[in-house]
Every structure is written in structure tokens, then in C-alpha cells.
Amino acid sequence: MRAVTEIIGFFSGTARAVAAPIHGVQMLDKVLIVDDDADQCGLIERMLERLGYAVQSTTSPNEALQLVEQESFCAILSDVEMAEMSGLALCERLVGSAPHVPVIVITGHASLETAISAMRVGAYDYLMKPLDSKLLGLSVVRAAQHARLTSEVKQLREQASERQEGAGSLIGDSVPMKRVYDLIGRVADSDASVLIQGETGTGKELVAHAIHAASGRKNGPFVAINCAAVPANLLESELFGHARGAFTDAKTQRAGLFVEATGGTLFLDEIGDMPLDMQAKLLRALQERTVRPIGSNQEVPFDVRILAATHRDLEADILEQRFRQDLYYRINVVRIEVPALRDRSGDILKLATHFLNKSSQQRADRTTPLSLSPQIAEKLLSYEWPGNVRELENCMERVITLARFDQVTLEDLPEKVRSYRPHRFVL
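Residues numbered from 1 in each chain as written. Predicted model: local features only at pLDDT ≥ 70, side-chain atom pairs only at ≥ 80, totals over all residues. Heavy atoms only, no water.

Visitor: Quick question: what am I supposed to make of the sheet that holds strand S7 (residues 222–226) here?
Guide: The pairing of strands in a sheet happens through backbone hydrogen bonds and is either parallel or antiparallel. Strand order across the open sheet formed by five strands is S7-S8-S11-S6-S12, with parallel pairing between neighbours. Both edges of this open sheet fall to S7 and strand S12 (334–337), since each of them pairs with a single strand only. Here the average twist between neighbouring strands, direction ignored, is 20°. As paired strands, strand S6 (residues 194–197) and S12 are joined by four bridges and run parallel to one another. Following the sheet pairing, Val194 is matched in S12 by Val334. Along the sheet face, helix H7 (residues 175–187) touches S6, strand S11 (305–310) and S12 and points at about 155° away from the line of S12. (Pairing = 2+ DSSP bridges. Helix = DSSP H or I, 4+ residues; strand = E, 2+ residues; numbered from the N terminus. Axes fitted to C-alpha atoms, helices over the stretch in contact; angles between N-to-C directions. Contact = heavy atoms within 4.5 Å.)

Here's what the structure looks like:
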């Protein structure tokens, strides 16, 4: 009997090792009872209802399998001895079809063999008749905690998967890029403004897309504008919209990008090139969370997450009065530095191969991807890439266009790449 007690203690000890309840996971605390003795079902129902649980019972194991597919339960209690199907067989099927729901088996004939069999089929706990209401309550409470923990872990894994998927357009596993991935994952779920800084061509907009794709706004619009590419006299209209007749060419009303991006993300690329007077208007919009279209007296609310990017040193621009300090603090809640390609040289060949494969797929006349010889790889690694990832992609597109063989030759590379002589040692 001592051996039976020790095996049974395995279940109780495992159950009681679960930490305090995890809050924030919405789950219905409903228990399913399976016992072909209707009186026993009624007894357990009354015990659990006094503890505040919603209870459903059935005398049919097959019906129990159907109920688990249709409804949510925090725990299942099953008798072992049943005519239609044994409780151990039912437990094994439940563990296979609904592994997130703990199964507690109940028996009136305690034995070492039954305890071991219950453990093997995946039972969460093992109770003996006649049931003690306190032990029953404690077992169900811990089972519900375990179910919540399982649900929490599943959610976290799904979130991690979504974040990884969101960053899928970013390529590289160097240490600097791993820091970028980590920050993307940590800021994605908030609505905090993010300032993405880095040299031209490093992939700042890809980082913005990755944040949006991993966020709760991923089903909303992602709207981007290059503040340096829009003439100063049109930028206000682009962002805030305009009323009909507000100016000569305003033949119709326009909402503006802030309103168009509502429910999603607005990406302000090259915000460091925005004129000072426009910076003041942008600051007011971010503070009030409303915009006033040109020529209108009405304030229009918006709900967007702001991501901004620049290649400039905004702190230096503040000292030289080219950028507003108050706007800087508004957009720079979190800052992500995107590394230059020369600072992540371990990713160069991976990126080059990716761009070669991508370009090959887009060309009907090339069915096999090009490969890089050691000589070409050495050239790519020694070059400084002042244009960063964008320059590398452009280089690989040129290679695809000019290559006559299945392997890249020196002649296929741009002159400045193949003739480059490094001024420093490159690892």
C-alpha cells in the first residue's frame, strides 16, 4: 500500500507544485464530470458547485469526447470503472485530442497498477473514493491553474511566432541584428512611438513593417510617407488633409494620411528633413490626437501608432535649431538603431545569396540561381558598402543581369566593388 501511496503522491505533488494562479488569461472555469453512475455525478456536482465552479456531467464517455470538442473546460473528472469505456482509455483519448485540459481520474479500487496506468496515459491527478471534498477542491483548483498556465504558454509562443514572422523580411543573424529583433519584439505590443535611426539603405522601413506586422494593429493599415520627398507646401495637405476649395487644386475633399492610417500605423520616413514650421504642426497633432484639414474649422480625431525614421543625428540638429526638441521627445519614446552593413559583415553573404535567388526567380530566362565563388565572396566582404543593404541589392541585380554562367565572375561585379582595396582589416 505504501508503493500505491507514493505513486499517488506523484500526482498530488506534481499538481501542488504549480505556481499561484496566472491572471489575465480569460478562461471559463467549467468542469466536466464523467461517471456512468448518475448518483455519483450528482454528488461531485454539488461539491464543485459549492466551490463556485460551473459543472456539466455525463454518464457516457463517448458523449464526453463530443462535449470537449464543443465546449471549454478547465478540468475533467473521470471515473475509472465504466461499462462503455474505461476511464483510463477515455483519459488517453482526451490527452490526445485536448492536451490543454487536465484529466483527473477517480477510482474506488486503489492499486499500484491503476496508479501507474493513469500516469502513463497522461492523467493530471488521481483521487480515491469516497471523495474528500477538500482534496477534490484542491485538485480541481490546481488543475484549473495548470490549464491557465498551458493557455498562457501557448499564447506567448503564438506571439513569439507572430513577431518572428513579422521580422521575416529582415535577414541576418549577426549580433547587431539580433539586438534589432529583440527590440522589435519588445516594443511591438505597445503603442509607444518608435524612432528608427540608421544610415540610408540600412532597411529602416523594413524594421517599421516588422513592428507593425508583430503588433496588435497588424490588421490595420500601414501608411508610409517620405517627408523629404514631398514638397514643403504639400506636406501638410498630405498628412492632415484638406477641405474642398482650400487652395487652387483642391477640387475635392481629402482626409489625409493620419486619418487614412486610423487603426493602424503611420510611418514618417526621413522625419529629420521636415521643415520647422511643419514640425510644430505635427507636434500639436501628436499631443491632441486630432488633425485640422487645411481650409477646415473642424478637428478630426485619429488613432494611429507613430513610427518615425531618419538618417540624421537629430540631437545635433536640435543644438543647431534644425529640429524641435519637444517633437524629438515625443517621437523618441523607444529608439532602434539599425546597423550599417559594414558593422554586420557576417550577414553580407547571406544577404547576397538572398538577393541573387530573389532576382533569379523574377527572371524567366534564368532557371538556376547563381552561386558565389570564394573569390567573389572575398570581394563582397572586403567592400565597405557605403550604400548599405540597398547598394548590395542593387549590385546583385546587376550581377543577375550581366552574368553569363552559373557562377558569378569578377567581371559581373561593379567596378568600384571589384577594384576596391580595403583600408582596414575586415573579419
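Visitor: I'm lost on the nonpolar core in this one. Help?
Guide: In summary, soluble globular proteins display a tendency toward joint burial of nonpolar side chains. If you look at the biggest cluster of nonpolar residues, it comprises 31 residues, and the most contacted ones within it are Leu239, Phe258, Leu266, Leu268 and Ile331. Contributions of two or more residues to this core are made by S7, helix H9 (232–240), helix H10 (257–260), strand S8 (265–269), helix H11 (276–288), S11, helix H12 (314–319) and helix H13 (325–331). Sort the elements by how many residues they give to this core and H11 lands first, with five residues. In this view, Leu266 contacts Val223, Leu257, Phe258, Ala261, Val304, Arg305, Ile306 and Leu307; residues no more than four positions away in its chain are not counted. If you look at the next biggest cluster of nonpolar residues, it comprises 24 residues, including Phe73, Leu88, Ala98 and Tyr126. (Core = buried A, V, L, I, M, F, W, Y, C linked by side-chain atoms within 4.5 Å. Buried < 20%, exposed > 50% of the residue type's maximum accessible area, 1.4 Å probe, protein only.)

Visitor: Would you mind going over the packing of helix H3 (residues 61–70) against helix H4 (residues 87–97) with me for this structure?
Guide: For any two helices packed against each other, the geometry is given by the interaxial angle and the distance between the axes. It is at 11 Å that the axes of H3 and H4 come closest, and there the two elements cross at 15°. In terms of axis orientation, H3 runs roughly parallel to H4. H3 and H4 meet at a crossing whose hand is right-handed. For the pair H3 and H4, the contacting residues are Pro61, Asn62, Leu65 and Val68 in the first and Leu90, Arg93 and Leu94 in the second. Classifying every residue of the contact of H3 with H4 by side-chain character gives five nonpolar, one polar and one charged. (Parallel < 35°, antiparallel > 145°, perpendicular 65-115°, else oblique. Left-handed = near helix turned anticlockwise from the far one by under 90°. Nonpolar A, V, L, I, M, F, W, Y, C, P; charged D, E, K, R; others polar.)

Visitor: Sorry, what's going on with the sheet that holds strand S3 (residues 75–79) here?
Guide: The strand order S2-S1-S3-S4-S5 describes an open sheet built from five strands, whose pairing is parallel. Looking at the sheet topology across the chains shown, the edges are occupied by strand S2 (54–58) and strand S5 (125–128). Averaged over all pairs of adjacent strands, the angle between their axes in this sheet comes to 20°, without regard to strand direction. When strand S1 (residues 30–34) meets S2, the two strands line up parallel, connected through five bridges. Bridge pairing in S2 places Ile33 opposite Ser57.

Visitor: Looking at this structure, I do not really get the environment of Lys350. What am I missing?
Guide: With respect to the helices and strands, Lys350 occurs in helix H14 (residues 348–361). A C-alpha to C-alpha distance of 9.2 Å links Lys350 and Asp173, two positions 177 residues apart in sequence. Leaving out residues up to four positions away in the same chain, Lys350 has contacts with Ile171, Gly172 and Asp173. A polar contact of 2.7 Å, which involves the side chain of Lys350, links it to the side chain of Asp173. (Polar contact = N/O pair within 3.5 Å; in protein donor to acceptor, adjacent residues only side chain to side chain.)

Visitor: Which parts of the structure should I look at to understand the packing of H9 against H11?
Guide: Remark: H9 packs on H11, axes separated minimally by 11 Å, with the N-to-C direction vectors making an angle of 15°. In terms of orientation, H9 lies roughly parallel with respect to H11. Our pair here, H9 against H11, has a crossing hand that is right-handed. Where H9 abuts H11, its residues Leu235, Glu236, Leu239 and Phe240 lie against Met278, Lys281, Leu282 and Ala285. Residue classes in the contact of H9 with H11 are distributed as six nonpolar, no polar and two charged.

Visitor: Even after reading the chapter, I still don't get the pairing of S8, so can you show me in this structure?
Guide: Buried residues dominate S8, accounting for five of its five residues. Examined bridge by bridge, S7 and S8 share five bridges and lie parallel to one another. Each residue of the ladder has a partner; that of Val223, found in S8, is Leu266. Sheet analysis places S8 next to S11, joined by four bridges and oriented parallel. Its bridge partner lying in S11, Leu266 is registered against Ile306.

Visitor: Got a minute to help me understand the packing of aromatic side chains in this structure?
Guide: Note on aromatic pairs: each is described by the distance of the centres and the angle between the planes. Under the defined criterion, the tally for this structure stands at six aromatic pairs. When the centroid spacing of 5.7 Å and the interplanar angle of 40° are considered together, the rings of Phe240 and Phe258 count as tilted. A residue pair is termed long-range when its members are at least 10 positions apart, and Phe240 in helix H9 and Phe258 in helix H10 qualify at 18 residues. When sorted by exposure, Phe240 lands in the same class as Phe258, which is buried. Of the aromatic side chains, those joined through ring pairs into one cluster are Phe240, Phe258 and Phe302. (Phe/Tyr/Trp six-rings, centres within 6.5 Å; stacked < 30°, edge-to-face > 60°.)

Visitor: Sorry if this is basic, but what is going on with the pattern of salt bridges here?
Guide: Opposite charge on two side chains permits pairing when their charged atoms draw close. Overall, the coordinates contain 22 salt bridges when judged by the stated rule. Glu236 is paired through a salt bridge with Lys281; the nearest N and O atoms lie 2.8 Å apart. Pair noted here: Glu236 is in helix H9 and Lys281 is in helix H11, with a separation of 45 residues, a long-range link. Put simply, Arg254 and Glu238 hold a salt bridge, and the shortest N to O gap is 2.7 Å. Linking Arg254 in the loop between H9 and H10 with Glu238 in helix H9, this pair joins segments that are 16 residues apart in sequence. Taking the relative accessible area as the measure of exposure, Arg254 reaches 25% and is therefore partly exposed. Among the charged side chains, a network of salt bridges with common partners joins Asp273, Arg312, Asp317, Glu320 and Arg322. (Salt bridge = Lys/Arg side-chain N within 4 Å of Asp/Glu carboxyl O.)

Visitor: I'm lost on a negative patch on the surface in this one. Help?
Guide: Taken together, the side chains of Asp36, Asp37, Asp39, Glu63 and Glu84 present a region of like negative charge at the surface. Within the secondary structure, Asp39 is located in helix H2 (residues 38–50). (Patch = residues over 30% accessible without salt bridge, like charges linked within 9 Å, V, L, I, M, F, W, Y side chains within 5 Å. Areas by Shrake-Rupley, 256 points an atom, 1.4 Å probe, with all protein chains shown as cover. Lys, Arg positive; Asp, Glu negative; His and termini not counted. Charge placed at Lys NZ, Arg CZ, Asp CG, Glu CD.)

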